[in-house]
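Topology and contacts: notes
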Amino acid sequence: QVQLVESGGGLVQPGGSLKLSCVVSPTIFSLDNVGWYRQVSGKQREMVALKFGDGITSYVDQVKGRFTISRDYAENSVYLQMNALEPEDTAVYYCYLQRFPKEYWGQGTQVTVSS
């Protein structure tokens, strides 16, 4: 029933910024746990950022201070602001939502950081 639609990926230069968006249909609730994961070909999917229903956030060490996860209940959206992008950030990024006891994933959007 829950659908996640991502946008905002693309090709950017090192040091640049991107903002990924994830629209939740039909709606997002404040108790939902939301997050962003990424996966490089040949590697395991990695948690990038999580925001729990209570508002607590968690980031993988490699993105702390550069990435920010946020929610907008009015827009039924989850965002990932990515600054100071590095080539190592290149991956397919997936939106994630947990509404106990089920989990949902977006289709993935490619982020490529290259000069």
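In case you missed it, the structure is sitting above this.
In this text, all values refer to a predicted model and were calculated from it rather than measured experimentally. (Residues numbered from 1 in each chain as written. Predicted model: local features only at pLDDT ≥ 70, side-chain atom pairs only at ≥ 80, totals over all residues. Heavy atoms only, no water.)

1. Considerations on the overall build of the protein chain
Counting its secondary structure elements, the protein chain contains 0 helices and 11 strands. In the protein chain, the succession of helices and strands from N to C terminus is β-β-β-β-β-β-β-β-β-β-β. Among the 115 residues that make up the protein chain, the fraction classed as buried is 42%. Residue pairs at least 24 apart in sequence account for 52% of intrachain contacts in the protein chain once pairs closer than 6 positions are excluded. Surface summary for the protein chain: the accessible area is close to 6200 Å², and the carbon and sulfur share equals 49%. (Helix = DSSP H or I, 4+ residues; strand = E, 2+ residues; numbered from the N terminus. Buried < 20%, exposed > 50% of the residue type's maximum accessible area, 1.4 Å probe, protein only. Contact = heavy atoms within 4.5 Å. Areas by Shrake-Rupley, 256 points an atom, 1.4 Å probe, with all protein chains shown as cover.)

2. Points about the pairing of strand β10 (residues 102-105)
Judged from the 4 bridges that link them, strand β9 (residues 91-99) and β10 form a sheet pairing that is antiparallel. Bridge pairing in β10 places Gln98 opposite Glu103. As consecutive antiparallel partners, β9 and β10 are separated by 2 residues. (Pairing = 2+ DSSP bridges.)

3. Points about the pattern of salt bridges
Under the definition given, this model contains 6 salt bridges. Between Arg38 and Asp89 there is a salt bridge whose closest N-O contact spans 3.0 Å. Placement of the pair is Arg38 in strand β4 (residues 33-39) and Asp89 in the loop between β8 (77-82) and β9, with a sequence separation of 51 residues. Note on accessibility: Arg38 and Asp89 belong to one class, buried. Between Glu86 and Arg66 there is a salt bridge, and its shortest N-O distance comes to 3.9 Å. One end of the pair, Glu86, is in the loop between β8 and β9; the other, Arg66, is in the loop between β6 (57-59) and β7 (67-72), with 20 residues separating them in the sequence. Classification of Glu86 as partly exposed rests on a relative accessible area of 33%. A relative accessible area of 12% places Arg66 in the buried class. Here the salt bridges do not stand alone but share partners, grouping Arg38, Glu46, Arg66, Glu86 and Asp89 into one network. (Salt bridge = Lys/Arg side-chain N within 4 Å of Asp/Glu carboxyl O.)

4. Description of the packing of aromatic side chains
Applying the stated criterion across every chain yields a total of 3 aromatic pairs. A ring pair is formed by Tyr37 and Tyr96, whose centres lie 5.4 Å apart and whose planes are at 65°; its orientation type is edge-to-face. Of this pair, Tyr37 sits in strand β4 while Tyr96 sits in strand β9, placing them 59 residues apart in sequence. For Tyr37, a relative accessible area of 16% corresponds to the buried category. Residue classification places Tyr96 among the buried positions, given a relative accessible area of 7%. Aromatic pair Tyr96 and Trp105: ring centres 4.9 Å apart, planes at 55°, arrangement tilted. Site record: aromatic cluster; members linked through ring pairs are Tyr37, Tyr96 and Trp105. (Phe/Tyr/Trp six-rings, centres within 6.5 Å; stacked < 30°, edge-to-face > 60°.)

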